[in-house]
Amino acid sequence: MKTRTPSIPFASLAHALLLCTAFAQPALADRPVINIEHAGIQAYPVAIAPPVGEPTSGKAVLDVLSGDFTRSGLFRILDPASFLADPNKEGFTEQTIDFSKWTTVGASGLVKAKSVITGDNVQVEFHFYDTAKNAEVLHGTYSAPVASLRQIAHRFADDVMKFFTQERGDFQTRIAYVRETGDGKQIVVADSDGANAQAVTGASINLLPGWAHDGHTIAFTSFRDGAAHIYTVDALTRAIKPLVLMGDYASGPVFAPDGLRFTFSASLNGNTDIFLSEADGSAGRKLTEARDINTAATWSPDGKQIAFISNRAGNPQVYVMNADGSNQRRLTFQGNYNQEPAWSPKGDLIAFSGRDELRSFDIYTVAVATGKVARLTQNAGTNEKPSWSPNGRHLIFSSTRTGKRQLWTMSPDGTNQQRITDEPRSAGDPSWGPFPAGN
Amino acid sequence: MRTPLLRFSLALAALAVSACSTPEVKPDVKPQAAKPAAKVETPPPAAPETTPAAEFKAQGQAELDKALEQLKSVSVFFEFDSSTLTKDASDKLGVVGDVLSRHPELDVKIEGNCDERGSAQYNLALGQKRADVVKKYLAQLGVKAGQIKAISLGSEKPADPGHDEDAWKKNRRADVQSGPDSAKPASNGDATAAPAAPAPTK
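Parameters at a glance
Residues numbered from 1 in each chain as written. Chains lettered and ligands numbered in written order. Predicted model: local features only at pLDDT ≥ 70, side-chain atom pairs only at ≥ 80, totals over all residues. Buried ≥ 20, exposed ≤ 12 C-beta atoms within 10 Å, placed from the backbone. Helix = DSSP H or I, 4+ residues; strand = E, 2+ residues; numbered from the N terminus. Arc of directions from axis to C-beta. Pairing = 2+ DSSP bridges. Axes fitted to C-alpha atoms, helices over the stretch in contact; angles between N-to-C directions. Expected span 1.5 Å × (residues − 1). pLDDT = per-residue confidence, 0-100. Contact = placed C-beta atoms within 7 Å. Right-handed = clockwise from strand over helix to strand, strands pointing away. Domains from an automatic or database assignment. Nonpolar A, V, L, I, M, F, W, Y, C, P; charged D, E, K, R; others polar.

Caption draft 1: Seen up close, helix α2 (residues 61-71) of chain B. Residue and element names in this part refer to chain B. Here α2 has its buried residues at Leu64, Ala67 and Leu71. Within α2, the buried residues cover an arc of 60° as seen down the axis, which keeps them to one side. The exposed residues of α2 that point more than 90 degrees off its buried face are Gln61, Ala62, Lys66 and Glu69. Just beyond α2, the residue with positive phi is Ser73, at close to 55°.

Caption draft 2: Region of the structure containing the sheet that holds strand β24 (residues 349-355) of chain A. Residue and element names in this part refer to chain A. If you walk across this open sheet you meet the 4 strands as β23-β24-β25-β26, and the pairing is antiparallel. Either end of the sheet is taken by a strand with one partner, and the two such strands are β23 (338-343) and β26 (373-375). Neighbour-to-neighbour, the strand axes of the sheet open up by a mean angle of 30°, direction not taken into account. Bridging between strand β25 (residues 361-367) and β26 involves 3 bridges; their strand directions are antiparallel. Bridge pairing links Val366 to Val373 in β26.

Caption draft 3: Spatial organisation of helix α3 (residues 87-102) of chain B. Residue and element names in this part refer to chain B. For α3, built from 16 residues, the straight-helix expectation of 22 Å at 1.5 Å per residue is met to within 8% by its first-to-last C-alpha distance of 23 Å. Within α3 the residues assigned to the buried category are Ala89, Leu93, Val96, Val99 and Leu100. Mapping the buried residues of α3 onto a view down its axis gives an arc of 110°, with all of them on the same face. α3 presents Lys87, Asp91 and Arg102 as exposed residues on the side facing more than 90 degrees away from its buried surface.

Caption draft 4: View of the confidence of the model for chain B. Residues and elements named next belong to chain B. For chain B, the mean per-residue pLDDT works out to 72, and 59% of the residues sit at or above 70. Mean pLDDT across the elements of chain B bottoms out in helix α1 (residues 9-16) (38) and peaks in helix α4 (residues 120-140) (97). Contacts from residues 182-202, a stretch scored under 50 in pLDDT, to residues over four places away or in other chains number 46 contacts.

Caption draft 5: Here's a closer look at the pairing of strand β3 (residues 148-154) of chain B. Residue and element names in this part refer to chain B. Across the 7 residues that make up β3, a large majority, 7, are buried. Residue alternation in β3 divides its side chains into two sets, Ile148, Ala150, Ser152 and Gly154 and Lys149, Ile151 and Leu153, and both sets are buried. Sheet analysis places strand β2 (residues 107-113) next to β3, joined by 6 bridges and oriented parallel. Counterpart to Lys109 in the pairing with β3 is Lys149. Between the parallel pair β2 and β3, the chain is carried across by α4, and the sense of this crossover is right-handed.

Caption draft 6: Examining the domain arrangement of chain A more closely. Residues and elements named next belong to chain A. One can read the domain layout of chain A as domain 1 (19-165) and domain 2 (174-432). Placing a centre on the C-alpha atoms of domain 1 and another on those of domain 2 gives a separation of 35 Å. Listed by partner, the interface residues are 7 residues for domain 1 and 9 residues for domain 2. Ranked by the residues each element gives to the side of domain 1 that touches domain 2, the list is headed by helix α1 (residues 55-72), at 4 residues. Residue composition of the side of domain 1 that touches domain 2, grouped by class: 1 nonpolar, 3 polar and 3 charged.

Caption draft 7: Main features of the sheet that holds strand β21 (residues 317-322) of chain A. Spatially, 4 strands are ordered β19-β20-β21-β22 (chain A) in an open sheet, and the strand pairing comes out antiparallel. Among the strands making up the open sheet, the edge pair consists of β19 (294-299) and β22 (329-330) of chain A. Across the sheet, α4(B) lies against β19 and β20 (305-310) of chain A, angled at about 150° from β19(A), the strand it touches most.

Rendered as structure tokens:
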């Protein structure tokens with residue numbers, strides 16, 4: 001009988017709704033560690049056994065978990081039709097599980113869950129087993145209002161990711177994007193898997209959402225005063241406030257890693273430049289001083305550098321400068337239309353979209369240190385506006401490959417491309433939000 | 001002319017609060033219903049073309065009508081990712097410049113537009129560049145800066161909603177919009193109008 005460390009409580013309850021009552025895991029050395037630093041890893045095959053307990057909530061929560069595992073890029077979900085074990089005869093303890101029936105169908109990992117509904121609340125008990133070791137490697141019990149059932153799955157998925165990768169998972173994060181309606185474009189906030197999409201602005205023309213670090217304030221560009229300027233909306237209250245009204249137009253605020261300073265683009269005297277605003281309210285300082293367009297700034301995670309787009313060489317390309325505007329240098333040299341840079345949370349890559357030889361846009365990354373470019377999408381419609389998840393494990397982007405523009409996620413090497421929206425007209429300009437507070 | 005104004009102290013205050021609250025969005029709140037936007041737009045006058053007429057009766061209604069007619073529906077077109085005026089564009093703007101020089105009481109708004117290709121953010125910049133190029137050219141023809149307001153509509157107001165070169169070439173344009181007050185929102189049902197003005201509180 002192996003020993004387990006006692007339950008490890010979560011550092012804090014980011015989701016006040018969720019209550020974790022137990023979470024056990026073996027010593028670190030016993031963990032199956034998935035090496036995620038190399039492209040082309042073998043996905044870890046996982047069987048998700050049919051749930052026991054209340055069936056509707058059990059199935060629903062495992063569907064969400066299965067989606068998270070699939071999008072993670074680390075797990076491959078096995079087809080339940082192949083399963084040999086009888087879930088009604090198996091229990092949750094290692095002694096009651098015939099692991100050979102799971103290894104036979106190719107499962108390295110096994111997930112079991114039990115759901116119980118009491119009044120308006122649901123409690124879900126998850127177990128994750130390493131079938132090669134005939135051992136449970138972690139379990140957790142979570143309760144929440146039934147309406148927040150999906151959050152329970154995301155919470156467990158994040159705990160699984162943390163367990164396997166020793167990094168914080170990104171499934172409890174949120175995304176913002178632009179939804180096209182019949183009358184215009186509105187800013188929408190949704191869960192990281194596209195569910196629970198809620199409009200937070202009306203449908204005039206609202207563009208380019210960008211998250212503040214508090215996780216609920218979203219800056220966006222709107223034509224509500226006649227020309228494009230920058231506003232914020234609080235996703236909790238829907239309160240809209242002006243942020244930057246200067247210039248003939250202003251767009252695209254991006255908050256620095258310190259959460260206080262932010263960059264934006266504005267056109268004052270016939271030229272679009274990048275400005276930096278300080279927290280104390282001192283006026284925006286112009287960082288670029290070229291004759292041509294300078295826009296679409298993105299911060300390095302250490303806050304020391306800013307990548308941006310400039311057409312000073314005749315067409316839009318990715319440039320990098322120090323955060324005070326000094327040492328401006330060109331980073332991309334391939335193609336004649338590169339745009340929408342997004343600096344990775346790990347700092348090594350900048351994702352961008354570029355127009356290829358077939359004149360459609362695709363997603364690329366460029367290594368900051370070497371300038372080496374990697375292509376992530378190809379021959380699948382127009383792909384634009386990459387945005388990183390806060391742990392750098394995923395990119396979200398828009399693609400027209402299924403006809404209407406929708407949002408997709410993928411791993412930073414371009415594998416595991418999965419659609420997450422099904423908007424009736426279109427979804428575009430995604431921006432991945434920060435980690436929720438706490439946790 | 002708008003005074004350069006950075007209003008983010010309020011927003012930063014908003015950032016400071018509730019750092020510990022949950023990111024859940026309340027599902028029962030209607031979009032946009034909560035707080036009015038800071039600026040409440042009034043709808044533009046129904047027929048702005050007629051209002052300056054009364055002030056300039058001496059010039060004669062006919063001449064003013066003709067001037068306004070010449071400013072109507074003037075669009076100039078651009079190459080892909082370009083803000084360079086073509087010969088055709090310069091010719092059209094020559095007429096506009098002549099009319100505006102003779103009628104300093106008239107204002108125009110230049111709206112720069114782009115085709116759908118490329119990012120919203122770059123297209124906002126490119127549309128502004130196109131509008132500014134038109135403004136600069138008109139200024140060279142003697143039009144006063146105060147008569148012209150140049151704005152960008154990015155790729156948000158395509159003249160043709162199609163997705164091919166025929167549509168795109170119609171959408172890479174700058175439009176001259178005439179009216180007694182170029183600072184007012186365009187009256188062609190564009191983004192500037194309704195939704196920013198919340199309905200009276202229920």
